Amino acid sequence: MSANGLRVLLVNCNTPMDNLIPAGVSLLSAVLKAEGCQVRCFDTTFYRPADFVTGDEARAMTLQVKRTSFSELGIHPKPGAAEDDFRALVAGWEPDLIGFSVIECTHRLALDLARAIADYRPEVPRIWGNVHATFAAERIVGAPELDMLCVGEGEVAIRELARALAHGRRPSGIPNLWIKNGGVERNALAPLVRLDDLPEQDWEIWERERFFKPMGGRIWVTGTFEMNRGCPYSCMYCVNYGLNRLYAEQGGYFREKSIPVLVREMLDKKKRYGLEFAYLVAESFLTTTRQRLEQFADLYPAVGLPFWVEARPESITREKVALLERCGCEGISIGVESGSHEFRRRFMNRNIPNDKMVRAMGILADSRLRVSANNVIGFPTETRDLIFETIELNRRFPRVNGVMCAIYNPYHGTRLREIAEAEGYISPDEVAGDYRKETIMRMPHLSPDEIKGLQRTFPLYVKLPKARWPEIRRAEAPTPEGDRIYAALAQEYTERHG
Ligand code: B12
């Protein structure tokens, strides 16, 4: 049974100007096209509200990355408002199903878009999917802007939904879907898909500019590839905590795609899309078998695209690093998160001693990979002193090119969200924001402004001599004086550390 001719509009609710093709929406499109559906995508990426600070800009303003600008590289935001263009597309194309892909910090945007088409044919289902739909399901299911939610993976659910609609059947009994039909029909989870059984991602739905990733002052045509799905670990701040819990009966959410299948798709897409860089979705790249890594090292050079990986410090060995160098890896981001072993153990489920982390950074310092240390500040119950433990740990790392500092945000589905609610730092119906920018938590001992001040000075505290700390402390303040001192220090830092 197919869903021939059904018109499906996928809506990628993205944060403004954040390029990199989402694998999830691309896969859903491929699944739908294989069923004979017509698919279009409304993508919000290039709609940039006035005065909006993008994630990349926020990182550049806090000295984490070099400043690159889309407009200098010839990519300009779209002139109109997303809601108007969306309404026009829906009215003109008349889709039979509208699927919104929503993460927590695009919840508001999804609501605005859904409201913009509130008067469109009421029999056309509006379905929300992705991690926010999965983990805030109970909290958002009552919203009049949506008719269904996809909890968990989408491939089977959207295929079955499309088939039902194409055959004029009222959708019911479809795995992973919560369907509003007077009450809410909460269907059970489908078995997890095997990644090797999935079709290749469909990238025809994306505009050419969506592949343009600015890095180091130029554009790199970049493709996103799913190497595995989920993560074997369940860190308490991460969505994989929730995904592994949701899929506990199926042994957790983590699966791998086989290397030959991955490489085949990469070779094909490199040629078709003129790729220059690869983004591999693998949340802990080196946490896998040695045999798999060796197979990657054997087959990947045929693809030959530079790439960057994310890894846990405990997975770093000299052999694995040599192997990454061999297959053209550009750089590696290491999840440090916090500098207190005790805090990491209690509040993150990350039980690695600091010395071991320093040793891993030492191995990387001896390699030719660029190294980033990923830190997070502002965790629930975290104090200023604990943040300084993170700074002190970073100071022990022999060579780090990028000192990254995110601000913790309490996303639904994570254990720390539950703790933040229990501590009264947020109310249950609050929606978290973008962790590159600010916190939504109100902790009595550490204000949002103090956290923001620590974020912008974090690389200064790490890289400048301790004698400068009193000056850096003054640069934390969001006052004209603080801003002035910060600007001077930031210039010095950029000249010295790039
Ligand atoms: C790769 C990635 C990125 C990439 C690509 C972004 C993208 N849109 O795909 C980049 C680096 C650009 C990125 C940026 C950001 N990300 Co990110 N990212 C991820 C990561 C590691 C994997 C996502 C992925 O590709 N998975 C594989 C695909 C196949 O699965 P999927 O996306 O879940 O899609 C499936 C289902 O969710 C469902 N589905 C999805 N959409 C829809 C729609 C419909 C209609 C239906 C029916 C089903 C459905 O079906 C899909 C197939 O099964 C996740 C972690 C995770 N495990 O989810 C974080 C994650 C999604 N990111 C997160 C965040 C916070 C961000 C940023 C705000 C900050 C940042 N990291 O810089 C920005 C925001 C940009 C944005 N709007 O996405 C958070 C979101 C938290 C939350 N609850 O909202 C996550 C969960 C990480 C975390 N902290 O736990 N990210």
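Values in this document were obtained by computation on a predicted structure and should not be read as measured data. (Residues numbered from 1 in each chain as written. Predicted model: local features only at pLDDT ≥ 70, side-chain atom pairs only at ≥ 80, totals over all residues. Heavy atoms only, no water.)

Draft legend 1. Broad picture of the domain arrangement of the protein chain. When its domains are assigned, the protein chain resolves into domain 1 (7–186) and domain 2 (227–463). Facing 29 residues of domain 1, the contacting portion of domain 2 comprises 32 residues. Buried area between domain 1 and domain 2, summed over both chains or domains, comes out near 2300 Å², and the portion from carbon and sulfur atoms is 59%. Summed over the three residues of domain 1 that lose the most area to domain 2, namely Gln64, Glu104 and Phe135, the buried surface amounts to 30% of that side. The interface formed by domain 1 and domain 2 includes 6 salt bridges. Between Glu421 and Arg139 there is a salt bridge, and its shortest N-O distance comes to 2.9 Å. Inspection of the region where domain 1 meets domain 2 yields 13 residue pairs in polar contact (both at pLDDT 80 or more). Classifying every residue of the side of domain 1 that touches domain 2 by side-chain character gives 12 nonpolar, 10 polar and 7 charged. (Domains from an automatic or database assignment. Contact = heavy atoms within 4.5 Å. Buried area = accessible area lost by both parts, 1.4 Å probe. Salt bridge = Lys/Arg side-chain N within 4 Å of Asp/Glu carboxyl O. Polar contact = N/O pair within 3.5 Å; in protein donor to acceptor, adjacent residues only side chain to side chain. Nonpolar A, V, L, I, M, F, W, Y, C, P; charged D, E, K, R; others polar.)

Draft legend 2. Molecular detail of the sheet that holds strand 7 (residues 183–186). One open sheet accounts for 7 strands, arranged 2-1-3-4-5-6-7; its pairing is mixed. Each end of this open sheet is capped by a strand with a single partner; those strands are strand 2 (38–43) and strand 7. Along the sheet, successive strands turn relative to each other by an average axial angle of 20 degrees, direction set aside. Here strand 3 (residues 97–101) pairs with strand 4 (residues 126–129) via 4 bridges, running parallel. By the bridge assignment for strand 4, Phe100 is matched with Trp128. In the packing of helix 3 (residues 82–93) onto the sheet, contacts are made with strand 1 (7–12), strand 2 and strand 3, and the angle to strand 2 comes to roughly 165 degrees. (Pairing = 2+ DSSP bridges. Helix = DSSP H or I, 4+ residues; strand = E, 2+ residues; numbered from the N terminus. Axes fitted to C-alpha atoms, helices over the stretch in contact; angles between N-to-C directions.)

Draft legend 3. Up close: empty space enclosed by the protein. Throughout the structure, instances matching the rule amount to 1 cavity of 30 Å³ or more. Its boundaries defined by the atoms lining it, the largest cavity holds a volume of some 70 Å³. Looking at the largest cavity, the residues that line it are Met227, Asn228, Glu256, Ile259, Phe285, Thr287, Thr288, Arg292, Leu293 and Phe296. The element best represented in the lining of the largest cavity is helix 10 (residues 290–299), accounting for 3 residues. Here the residues of the lining of the largest cavity sort into 5 nonpolar, 3 polar and 2 charged. (1 Å grid on protein atoms, 1.4 Å probe; cavity = no way out; pocket = protein on both sides within 12 Å on 5 of 7 lines; lining within 4 Å. Points joined across faces, edges and corners; volume = space filled by probe spheres on them.)

Draft legend 4. Quick peek at the site of the ligand. In the vicinity of the ligand, 38 residues are found, and the nearest of them are Asn14, Ser101, Glu104, Glu155 and Tyr435. Between the ligand and Thr15 there is a distance of 3.4 Å, counted from a nitrogen atom to a side-chain nitrogen or oxygen. Between Arg229 and the ligand, the recorded distance is 3.3 Å, taken from a side-chain N or O atom to an oxygen atom. Among the secondary structure elements, those contributing two or more residues to the shell around the ligand are helix 1 (23–34), strand 3, strand 4, helix 7 (155–166), helix 8 (239–246) and strand 12 (277–281). Residue composition of the shell around the ligand, grouped by class: 17 nonpolar, 11 polar and 10 charged. (Near = heavy atom within 4 Å.)

Draft legend 5. Structural detail: the side chain of Asn187. Mapped onto the elements, Asn187 comes out in the loop between strand 7 and strand 8 (212–215). Separated by 3.3 Å, the side chain of Asn187 and the backbone oxygen of Ile174 make a polar contact. At 2.7 Å, the side chain of Asn187 forms a polar contact with the side chain of Glu185. With residues up to four places along the chain from it excluded, the contact list for Asn187 reads Gly173, Ile174, Pro175, Asn176, Leu177, Trp178 and Ile179.

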